[in-house]
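Below, each chain spelled out in residue letters.
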Amino acid sequence: MAADDRLEHEHDELARRLREAHRRVRALSADPAVDRERLARRYLAICDLAKHDPRRAAARLDAFLSALDTPRDDENTLGD
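Numbers given for residues are sequential positions, taken from 1 along each chain in its written order. A pLDDT threshold of at least 70 governs which residues receive local features in this predicted model, and a stricter bar of 80 or more applies before side-chain atom pairs are shown or counted, although totals over entire chains, interfaces and linings include all residues. With hydrogens and water excluded, all non-hydrogen atoms of the structure serve as input to the side-chain values.

Participant: With reference to specific residues and values, describe the overall build of the chain.
Facilitator: Secondary structure elements are defined from DSSP: runs of H or I of at least 4 residues count as helices, runs of E of at least 2 residues count as strands, and each element is numbered from the N terminus. Along its length, the chain carries three helices and zero strands. The helix and strand sequence of the chain, counted from the amino end, reads α-α-α. The cut-offs for exposure are 20% and 50% of the maximum accessible area for each residue type, with area from a 1.4 Å probe on protein chains only; residues under the lower value are buried, those over the upper are exposed, and the others partly exposed. Taking all 80 residues of the chain together, 20% fall into the buried category. Working rule for contacts: check all heavy atoms of both residues, and any pair within 4.5 Å makes them a contact. Summarising the internal contacts of the chain: among those between residues at least 6 apart in sequence, 58% fall at separations of at least 24. Accessible surface area values rest on a Shrake-Rupley calculation with a 1.4 Å probe, where residue burial reflects the displayed protein chains alone. Approximately 6100 Å² of the chain is accessible, and the part contributed by carbon and sulfur atoms is 50%.

Pasting the structure below:
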């Protein structure tokens, strides 16, 4: 039972962080330098992954949130 409780807590934390990421993507301005559609697609891919592999989704969510926190130049980076 304790393992089940811990697993539920981890899923709750992931769900909370996914909601926060969703709010942040929606709050992005319509500035052409911000590719909101690309970020939204990336966010949805993380949500889909969370259904099958929550630990990997959490790692990708960390990278996604870090990228949102980092100002970007108008460059096209691989992997986004």
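Participant: I'd like to hear about the nonpolar core, residue by residue, with values.
Facilitator: Proteins that are soluble and globular tend to have nonpolar side chains buried together. Among the buried residues, those of types Ala, Val, Leu, Ile, Met, Phe, Trp, Tyr and Cys that are joined through side-chain atoms within 4.5 Å form a nonpolar core. Ranked by internal contacts, the top residues of the largest apolar core, which has 13 residues, are L18, A21, I46, L61 and F64. Elements represented by at least two residues in this core include exactly α1 (2–26), α2 (36–52) and α3 (54–69). Leaving out residues up to four positions away in the same chain, F64 has contacts with A21, V25, L39, R42, Y43 and I46.

Participant: Provide a residue-level description of the environment of E20, including the pertinent values.
Facilitator: Examined against the element boundaries, E20 turns out to sit in helix α1. E20 gets classed as partly exposed once you look at its relative accessible area, which sits at 35%. Separated by 45 residues in the primary sequence, E20 and L65 place their C-alpha atoms 9.4 Å from one another.

Participant: Outline the side chain of R17, listing residues and values.
Facilitator: Mapped onto the secondary structure, R17 falls in helix α1. Once residues lying within four places of it in the same chain are set aside, the contact partners of R17 are A58, L61, D62 and L65.

Participant: Just give me the short version of the packing of α2 against α3, but keep the residues and values in it.
Facilitator: Lines fitted to C-alpha atoms define the axes here, with helix axes fitted over just the stretch in contact, and angles between the N-to-C directions of these axes take values from 0 to 180 degrees. One way to put it is that α2 packs onto α3 with a least axis distance of 7 Å and a crossing angle of 160°. Put simply, α2 runs roughly antiparallel to α3. In this structure, the crossing between α2 and α3 has a hand that is left-handed. Between α2 and α3, the contacting residues are L39, R42, Y43, A45, I46, L49, A50 and H52 on the first element and P54, R56, A57, R60, L61, A63, F64, A67 and L68 on the second. Each residue receives one of three labels: charged for Asp, Glu, Lys and Arg, nonpolar for Ala, Val, Leu, Ile, Met, Phe, Trp, Tyr, Cys and Pro, and polar for the others, Gly being one of them. Across the contact of α2 with α3, the residue classes break down as 13 nonpolar, one polar and three charged. Here the angle decides the label: under 35 degrees means roughly parallel, over 145 means roughly antiparallel, 65 to 115 means roughly perpendicular, and every other value means oblique. For any helix crossing, the convention is left-handed if the near helix is rotated counterclockwise from the far helix by under a right angle, and right-handed if that rotation is clockwise.

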